[in-house]
Amino acid sequence: MIRLARVEDLPLLQDIERAAGEAFRGLGMDSVADDDPASLDELQVYAAASRAWVYADGLDFPVAYVLVDVVDGNAHVEQVTVHPDAAHQGLGRELLHAARIWGRGHGMQRQTLSTFRDVPWNAPYYRRLGFEELDAGTWGPQLTRLMEHEAELGLTRWPRLAMWRPTAPPGH
Ligand SMILES: CC(C)(COP(=O)(O)OP(=O)(O)OC[C@H]1O[C@@H](n2cnc3c(N)ncnc32)[C@H](O)[C@@H]1OP(=O)(O)O)[C@@H](O)C(=O)NCCC(=O)NCCS
């Protein structure tokens, strides 16, 4: 089930991040795999703001999580990660949906994120979930800053893009 993250979950979120990052090694993206997960203090900011959700297993242990920021007035997915042992069960899709509904409930029109263009479980995955590329010319100031920061971190060694989908699914 999906629930808000609690302080005691946070070390497990770091473990999930490290485990999921390993997949990038297979694409020669070792520096992404080696990236430290968010610190406990950083994660605590999301938990305290009720903008971190986990998918908890039957014993209530998190196996996946999503962190959301408000960027240019949109519900921005800072991170969505599923432990490899729990992958391919739709948990990522469900967490993204929960974050989408949160944004909609807070009056936001769009769900946004930034991701790697060519990593199969990144942009192509989000496209299948209804996300489309957000042209650089239309980025707001906060998204622009965020993309610049990613470049400073060296992430743009591999092409990255911003994507969006409406917070209200079609027909709503
Ligand atoms: C991206 C991610 C969140 C998807 O979570 P998930 O719960 O496995 O995804 P879903 O079950 O909703 O969808 C699964 C689909 O995602 C794609 N996918 C997931 N992992 C994949 C992989 N290693 N290779 C290729 N496609 C993959 C496939 O299309 C898959 O469909 P399938 O299960 O029929 O093969 C998860 O793979 C993950 O945590 N990856 C590492 C961290 C990451 O890259 N986060 C996003 C960028 S910040």
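Residues numbered from 1 in each chain as written. Predicted model: local features only at pLDDT ≥ 70, side-chain atom pairs only at ≥ 80, totals over all residues. Heavy atoms only, no water.

So, on to the packing of helix α1 (residues 10-21) against helix α3 (residues 40-48). As a packed pair, α1 and α3 sit with axes 10 Å apart at the nearest point and diverge in direction by 115 degrees. When the axis of α1 is compared with that of α3, the two are roughly perpendicular. Relative to α3, the crossing made by α1 is right-handed. Facing Leu-10, Pro-11, Leu-13 and Gln-14 of α1, the residues of α3 in contact are Leu-40, Leu-43, Gln-44 and Ala-47. (Axes fitted to C-alpha atoms, helices over the stretch in contact; angles between N-to-C directions. Helix = DSSP H or I, 4+ residues; strand = E, 2+ residues; numbered from the N terminus. Parallel < 35°, antiparallel > 145°, perpendicular 65-115°, else oblique. Left-handed = near helix turned anticlockwise from the far one by under 90°. Contact = heavy atoms within 4.5 Å.)

Our focus in this paragraph is the sheet that holds strand β6 (residues 132-134). Spatial strand order, β1-β2-β3-β4-β5-β7-β6: seven strands in an open sheet with mixed pairing. Among the strands making up the open sheet, the edge pair consists of β1 (2-4) and β6. Going from strand to strand, the sheet's axes swing by 35 degrees on average, the running direction of each strand aside. Sheet topology note: the β6/strand β7 (residues 160-166) ladder contains three bridges and is antiparallel. Bridge pairing in β7 links Glu-132 to Trp-164. (Pairing = 2+ DSSP bridges.)

Glancing now at the pairing of strand β4 (residues 74-82). Taken across its nine residues, β4 has seven buried, putting it largely inside the fold. Bridge analysis of strand β3 (residues 62-71) against β4 gives eight bridges, and the strand direction is antiparallel. Paired with Ala-64 across the strands is Val-82, a residue of β4. In textbook terms, the turn of a hairpin is the stretch between consecutive antiparallel strands, and for β3 and β4 this stretch comprises two residues, one of which, Asp-72, has a positive phi near 55 degrees. Here β4 pairs with strand β5 (residues 110-116) via three bridges, running parallel. Directly across from His-76, in β5, lies its bridge partner Thr-112. As for the winding sense of the linkage, the β-α-β connection from β4 through helix α4 (residues 91-105) to β5 is right-handed. (Buried < 20%, exposed > 50% of the residue type's maximum accessible area, 1.4 Å probe, protein only. Right-handed = clockwise from strand over helix to strand, strands pointing away.)

Inspection of the secondary structure assignment puts Asn-122 in the loop between β5 and α5 (123-128). Apart from residues lying up to four places away in sequence, Asn-122 is in contact with Phe-24, Thr-115 and Phe-116.

Attention now goes to the packing of aromatic side chains. Using the criterion set out here, one finds six aromatic pairs in the structure. Consider the rings of Phe-24 and Trp-121, whose centres lie 5.3 Å apart with planes at 65 degrees: the pair is edge-to-face. Taken together, the residues Phe-24 in the loop between α1 and α2 (30-34) and Trp-121 in the loop between β5 and α5 connect sequence positions 97 residues apart. For Phe-24, a relative accessible area of 11% gives the class buried. Using a relative accessible area of 34% as the deciding quantity, one classes Trp-121 as partly exposed. (Phe/Tyr/Trp six-rings, centres within 6.5 Å; stacked < 30°, edge-to-face > 60°.)

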